[in-house]
Amino acid sequence: MLSLKRYLKRKGYISIPLLLTATNHFEVNAKINGVSGRFILDTGASNTCIGLDRIAHFELKTKDSKIKAAGAGATDMETLLSKKNEVTMGTWSTKKQKIVLFDLMHVNQALTSHNALPVDGIIGADILKKSKAIIDYNKKRVYLKASKGA
């Protein structure tokens, strides 16, 4: 019987390691517009998000947004929107990714209060759906369907 890893490789998936944090979240390394960062992998977040304090770091072009963000105890937060961003995880990438920007201070305070490191943002369900992601919780890996032409 094939292992999940070998089976998914045959189906055109790539394997990305995940780090389980002290807060029991999975963290993944990703590049936004060629710049590396640390992100929580969050199946419950509808959109991929980055903290407002990281706009210059990831070279994001932003515009006002009507989207209100909520999560981790905070609600009705003002946001900005950035379109046409390149997101890369391992050899998987997409070039026209929308990213929502909002103040992640409350998220990072919660992480650091539990001895976890702060993050740059959140990889949300939008990217997980686009990449046909499969999460192997036991092996701490996420599998992403390789982009056509990759």
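Quick summary incoming for the structure in this document. (Residues numbered from 1 in each chain as written. Predicted model: local features only at pLDDT ≥ 70, side-chain atom pairs only at ≥ 80, totals over all residues. Heavy atoms only, no water.)

1. A few points about the layout of surface pockets
Working step 1: Roughly 160 Å³ of internal volume is contained in the second largest pocket.
Working step 2: Along the wall of the second largest pocket there are 13 residues; nearest its centre are Asp53, Arg54, Asn108, Val119 and Asp120.
Working step 3: Considered class by class, the residues forming the lining of the second largest pocket number six nonpolar, two polar and five charged. (1 Å grid on protein atoms, 1.4 Å probe; cavity = no way out; pocket = protein on both sides within 12 Å on 5 of 7 lines; lining within 4 Å. Points joined across faces, edges and corners; volume = space filled by probe spheres on them. Nonpolar A, V, L, I, M, F, W, Y, C, P; charged D, E, K, R; others polar.)

2. Focus on the environment of Ala45
Working step 1: As for its position among the elements, Ala45 is in the loop between β4 (35-41) and β5 (49-51).
Working step 2: Considering only alpha carbons, one finds Ala45 and Ala125, 80 residues apart in sequence, at a separation of 5.9 Å. (Helix = DSSP H or I, 4+ residues; strand = E, 2+ residues; numbered from the N terminus.)

3. Concerning a nonpolar patch on the surface
Working step 1: Taken together, Leu2, Leu4 and Tyr7 make up a surface patch of nonpolar side chains, about 260 Å² in accessible area.
Working step 2: Mapped onto the secondary structure, Tyr7 falls in helix α1 (residues 4-10). (Patch = residues over 30% accessible without salt bridge, like charges linked within 9 Å, V, L, I, M, F, W, Y side chains within 5 Å. Areas by Shrake-Rupley, 256 points an atom, 1.4 Å probe, with all protein chains shown as cover. Salt bridge = Lys/Arg side-chain N within 4 Å of Asp/Glu carboxyl O.)

4. Description of the packing of aromatic side chains
Working step 1: Counted according to the given criterion, the structure contains two aromatic pairs.
Working step 2: Pairing Phe26 with Tyr137 gives two aromatic rings, centres 5.6 Å apart and planes at 40 degrees, and the pair type is tilted. Placement of the pair is Phe26 in strand β3 (residues 26-32) and Tyr137 in the loop between β12 (134-136) and β13 (141-145), with a sequence separation of 111 residues.
Working step 3: Residue Tyr137 is classed as exposed on the basis of its relative accessible area, which comes to 53%. (Phe/Tyr/Trp six-rings, centres within 6.5 Å; stacked < 30°, edge-to-face > 60°. Buried < 20%, exposed > 50% of the residue type's maximum accessible area, 1.4 Å probe, protein only.)

5. Considerations on the environment of Asp42
Working step 1: Structurally, Asp42 is set in the loop between β4 and β5.
Working step 2: For Asp42, the residues in contact, after removing those within four places along its chain, are Ile122, Ile123, Gly124, Ala125 and Leu128. (Contact = heavy atoms within 4.5 Å.)

6. A look at the pattern of salt bridges
Working step 1: If you walk through the whole model with that rule in mind, you get two salt bridges.
Working step 2: For Arg38, the salt bridge goes to Glu27, with nearest N and O atoms at 3.0 Å. Of this pair, Arg38 sits in strand β4 while Glu27 sits in strand β3, and the two are 11 residues apart along the sequence.
Working step 3: Assessed through its relative accessible area of 23%, Arg38 is described here as partly exposed.
Working step 4: According to the relative accessible area criterion, Glu27 is buried, its value standing at 7%.
Working step 5: We note a salt bridge from Arg54 to Asp120, for which the minimum N-O separation is 2.8 Å. One end of the pair, Arg54, is in the loop between β5 and β6 (63-64); the other, Asp120, is in the loop between α2 (105-113) and β11 (121-123), and 66 residues separate them in sequence.

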